[in-house]
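Listed here are the chains, written in short residue letters.
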Amino acid sequence: MFIDEIKIYARAGHGGKGCVAFHREAYVTKGGPSGGNGGRGGSVILQADHDLNNLIAQYYQPRLIAQNGEFGLGKGMDGHAGKDLVIKVPCGTLVWRLEGESKDEPEEESEDDDKPIFSTTVGSRPIIRSAGGNIAREEDLSAEKPAGVSGNLKKGELVADLTQHGQQFILCKGGRGGLGNRNFATAARQTPRFAQPGEPGDEGDYLFELRIMAEVGLVGYPNAGKSTLLTAISKARPKVAPYPFTTLHPQIGILEYEDWKRLTVCDVPGLIEGAHMNVGLGHEFLRHIERCKIIVLLLDMAGTDGRAPWDDYKNLLRELELYDPGLLEKPRLVVANKIDEAIAEKNLKEFKKKIKKVSVLPISAAFDEGIEKFKKMIREAVEEASE
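**Student:** Help me out: how do you make sense of helix α4 (residues 344-354) in this one?
**Tutor:** Side chains of residues three or four places apart in an α-helix project in the same direction, reflecting 3.6 residues per turn. Listed as buried for α4 are A344, N347, L348 and F351. For α4, the angular spread of the buried residues around the axis is 105°, confining them to a single face. With respect to the buried face of α4, the exposed residues turned more than 90 degrees away are K346, K349 and K353. Each element contacted by the buried residues of α4 is listed here: β15 (294-300), α3 (309-323), β16 (332-337) and β17 (360-362).

Written out as structure tokens, the structure is:
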């Protein structure tokens, strides 16, 4: 199961109450107030981890509740602080604070509170709405609509973007512990009989959204050979089959060079015309190529499914623009796959006539034709984009 978006309820621990007590000991007269302070509540902390690749852990734990602080005790003893709850998430996780959500913790929990509710299912990939050291950047993107979530659930502000391994963000801060009555003793009021209650911890509903960290993004129609190409250049072994939409969720491969240089390549599901209207698998999975430095448009130059490669090229660019116009500003590499087919050479010549001023790299991923040149070109493109 691959999960790249899920709604979470988080609540930090409440601070412990201060204690009202008076020192009583044999042979000690007028001992005075001795109530200890309550301990602070634990915080909910997110930590980016490069060993994770999806939000499956949050699927099974959609409610993140940190430990409360302990109450203060007599004899001046302070309560223990609540333990911080550290949650590991994949690098590339964005955290949105949801608006219009109830921030009150329900008094009673039913058996189904922790069970996710599926808003839609694409193949075997569910898009989920559940029931229940560095500070990341903040910006207001309230106009956007969360991908894969129904329209009545709106994103608020982006509160965290965890991109570096080990990066931490305090999602909910624990409440401060209350002061014991010993803190309120004065010369005029030597026996205070009151103490402070603990402060409540922060809480709220959040949307976790994963955008995979990769340098190269493979985009193309179903059956264009993206998974075959990923298999040819890396040790990734995605499912390869002669029918559309074999790939239902993004696949990651590591391309290694002889000088130990490594590139991360992301293969997303097939993109077709009308994807912006939820045709096929839609286009919400394009979020995973937003962080890519270059985009590879892979075309089926043999026209296996009866489509013209030049039409595929135009439709792919249109769908990318409809999702995010910024994707068209990224460096692009157009690759013509299945060049080993007899009709591919003819289609390639026709493609160059219809789509001018666009360089095309012919390859055959299934037979390793042009793969070395492809590796060299994407490396040069990534280095140029990085500069």
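**Student:** What am I meant to see in helix α5 (residues 371-386) here?
**Tutor:** Taking 1.5 Å per residue as the helical rise, α5 with its 16 residues ought to reach 22 Å, and the 23 Å between its terminal C-alpha atoms agrees with that figure. All buried positions along α5 are accounted for by I371, F374, K375, I378, R379 and V382. Here the buried residues of α5 occupy an arc of 130° about the axis, which is enough to place them on one side. Exposed residues on α5 whose side chains face more than 90 degrees from its buried face are E372, K373, K376 and E384.

**Student:** So what exactly am I meant to see when it comes to the pairing of β15 here?
**Tutor:** The two faces of the sheet receive side chains in turn, since in a regular strand these alternate between them. Extensive coverage of β15 is indicated by the burial of seven of its seven residues. Bridge count between strand β12 (residues 216-220) and β15: five bridges; the pairing is parallel. In the sheet register, V219 faces β15, and the bridge partner there is L297. Note: β15 against β16, six bridges, orientation parallel. Paired with I295 across the strands is R332, a residue of β16. The parallel pair β15 and β16 is bridged by α3, and the resulting crossover is right-handed.

**Student:** Can you help me understand the sheet that holds strand β14 (residues 262-267) in this one?
**Tutor:** Two orientations exist for strands paired in a sheet by backbone hydrogen bonds: parallel and antiparallel. With mixed pairing, six strands are arranged side by side in an open sheet as β13-β14-β12-β15-β16-β17. Where the open sheet ends on each side, the last strands, each with one partner, are β13 (251-256) and β17. Ignoring which end each strand starts from, the neighbouring axes of this sheet average 30° apart. Note: β16 against β17, three bridges, orientation parallel. Within the sheet, the bridge partner assigned to A336 lies in β17 and is P362. Lying over the sheet, α4 contacts β15, β16 and β17, oriented at roughly 175° with respect to β17.

**Student:** In this structure, what is going on with the confidence of the model for the chain? I would like to understand it.
**Tutor:** Interpretation of this model should avoid reading the predicted coordinates in detail wherever pLDDT is low. Of the residues in the chain, 86% reach a pLDDT of 70 or more, and the chain-wide mean stands at 84. Low pLDDT, under 50, characterises residues 102-153; the stretch is placed with 118 contacts to residues that sit more than four places away or in other chains.

**Student:** So what exactly am I meant to see when it comes to the pattern of salt bridges here?
**Tutor:** Once their charged atoms are close, side chains differing in charge can pair, the charge on each being opposite to the other. Counting across every chain of the model gives 19 salt bridges. Across the salt bridge formed by D4 and R287, the nearest N and O atoms sit 3.2 Å from each other. Of the two residues, D4 and R287, both sit in the buried class. With its nearest N and O atoms 2.9 Å apart, the salt bridge here joins D78 to R182. Assessed through its relative accessible area of 33%, R182 is described here as partly exposed. Connected through salt bridges with shared partners, the residues D4, E5, E209, R211, R287 and E290 form a single ionic network.

**Student:** Just checking my understanding: could you explain a negative patch on the surface for this structure?
**Tutor:** A contiguous patch of negative charge on the surface is contributed by D340, E341, D368 and E369. Among the structural elements, E341 can be located in the loop between β16 and α4.

**Student:** I would appreciate a short explanation of the sheet that holds strand β2 (residues 44-49) in the present structure.
**Tutor:** Across the sheet, three strands lie side by side as β4-β2-β10; this open sheet has mixed pairing. Two strands lie at the open edges of the sheet, namely β4 (85-90) and β10 (168-172), each paired on one side alone. For this sheet, the mean angle separating the axes of adjacent strands, direction not counted, is 30°. As judged from the four bridges shared by β2 and β10, these two strands associate in the antiparallel manner. Directly across from L46, in β10, lies its bridge partner F169.

**Student:** Explain the packing of helix α2 (residues 226-233) against α5 to me, please; I cannot follow it from the model alone.
**Tutor:** In helix packing, the relevant descriptors are the interaxial angle and the interaxial distance, both defined with respect to the helix axes. Their axes nearest at 11 Å, the elements α2 and α5 cross at an angle of 85°. Here α5 runs roughly perpendicular to α2, going by the angle between their axes. Residues L229, A232 and I233 of α2 pack against I371, F374 and K375 of α5. By residue class, the composition of the contact of α2 with α5 is five nonpolar, no polar and one charged.

**Student:** Hey, could you run me through the nonpolar core in this one?
**Tutor:** A general feature of soluble globular proteins is that nonpolar side chains tend to end up buried together. With 61 residues, the main nonpolar core has L171, F208, V219, I289 and F351 as its most contacted residues. Examining the composition of this core, we find that six residues originate from one element, α3, more than from any other. Within the second largest apolar cluster, 22 residues are counted, among which are L218, L255, Y257 and L361.

**Student:** Whenever I open this one, the packing of α3 against α4 confuses me. Can you help?
**Tutor:** Relative to each other, α3 and α4 sit at 50°, their axes nearing to 9 Å. Compared by their axis directions, α3 and α4 come out oblique. On α4, the residues that touch P309, W310 and Y313 of α3 are N347, E350, F351 and K354. Looking at the contact of α3 with α4 residue by residue, the classes come out as four nonpolar, one polar and two charged.

What counts, and where the lines are drawn
Residues take numbers from 1 onward in each chain, read along the sequence in its written order. In view of the model being predicted, local features appear only for residues whose pLDDT reaches at least 70, and side-chain atom pairs are presented and counted only at 80 or more, with totals across whole chains, interfaces and linings using the full set of residues. Calculated side-chain values reflect all of the structure's heavy atoms, with hydrogen atoms and water omitted. A simple rule labels every residue: compare its accessible area, found with a 1.4 Å probe on the protein chains alone, to the largest value its type can have, and call it buried under 20%, exposed over 50%, or partly exposed in between. Helix numbers and strand numbers start at the N terminus; a helix is a DSSP run of H or I with at least 4 residues, a strand a run of E with at least 2. Picture the helix axis, draw a direction to every C-beta atom, and the arc is the one those directions span. Any two residues whose heavy atoms approach within 4.5 Å are treated as being in contact. An expected span of 1.5 Å times one less than the residue number is assigned to each helix. Two strands pair under a simple rule: DSSP has to find at least two bridges between them. When the strands point away from the viewer and the connection leading from the first strand across the helix to the second strand turns clockwise, the crossover is called right-handed. To get an axis, a line is fitted to the C-alpha atoms, and for a helix only the part in contact is used. The angle between two axes follows their N-to-C directions and goes from 0 to 180 degrees. Confidence of the predictor at the level of single residues is captured by pLDDT, which takes values from 0 to 100. Any Lys or Arg side-chain nitrogen found within 4 Å of a carboxyl oxygen on Asp or Glu counts as a salt bridge. Like charges are joined within 9 Å and nonpolar side chains (Val, Leu, Ile, Met, Phe, Trp, Tyr) within 5 Å, but only among residues with over 30% relative accessible area and no salt bridge; these make up the patches. Note on areas: Shrake-Rupley with a 1.4 Å probe; residue coverage comes only from the protein chains shown. For the charge count, each Lys or Arg is scored as positive and each Asp or Glu as negative, with His and the chain ends excluded. For this purpose, a charge sits on NZ of Lys, CZ of Arg, CG of Asp or CD of Glu. Every angle not falling under 35 degrees, over 145, or within 65 to 115 is termed oblique; those three ranges are roughly parallel, roughly antiparallel and roughly perpendicular. Charged residues are taken to be Asp, Glu, Lys and Arg, nonpolar residues to be Ala, Val, Leu, Ile, Met, Phe, Trp, Tyr, Cys and Pro, and polar residues to be all remaining types, Gly included. Remark: nonpolar core denotes a set of buried residues (Ala, Val, Leu, Ile, Met, Phe, Trp, Tyr, Cys) joined through side-chain atoms within 4.5 Å.

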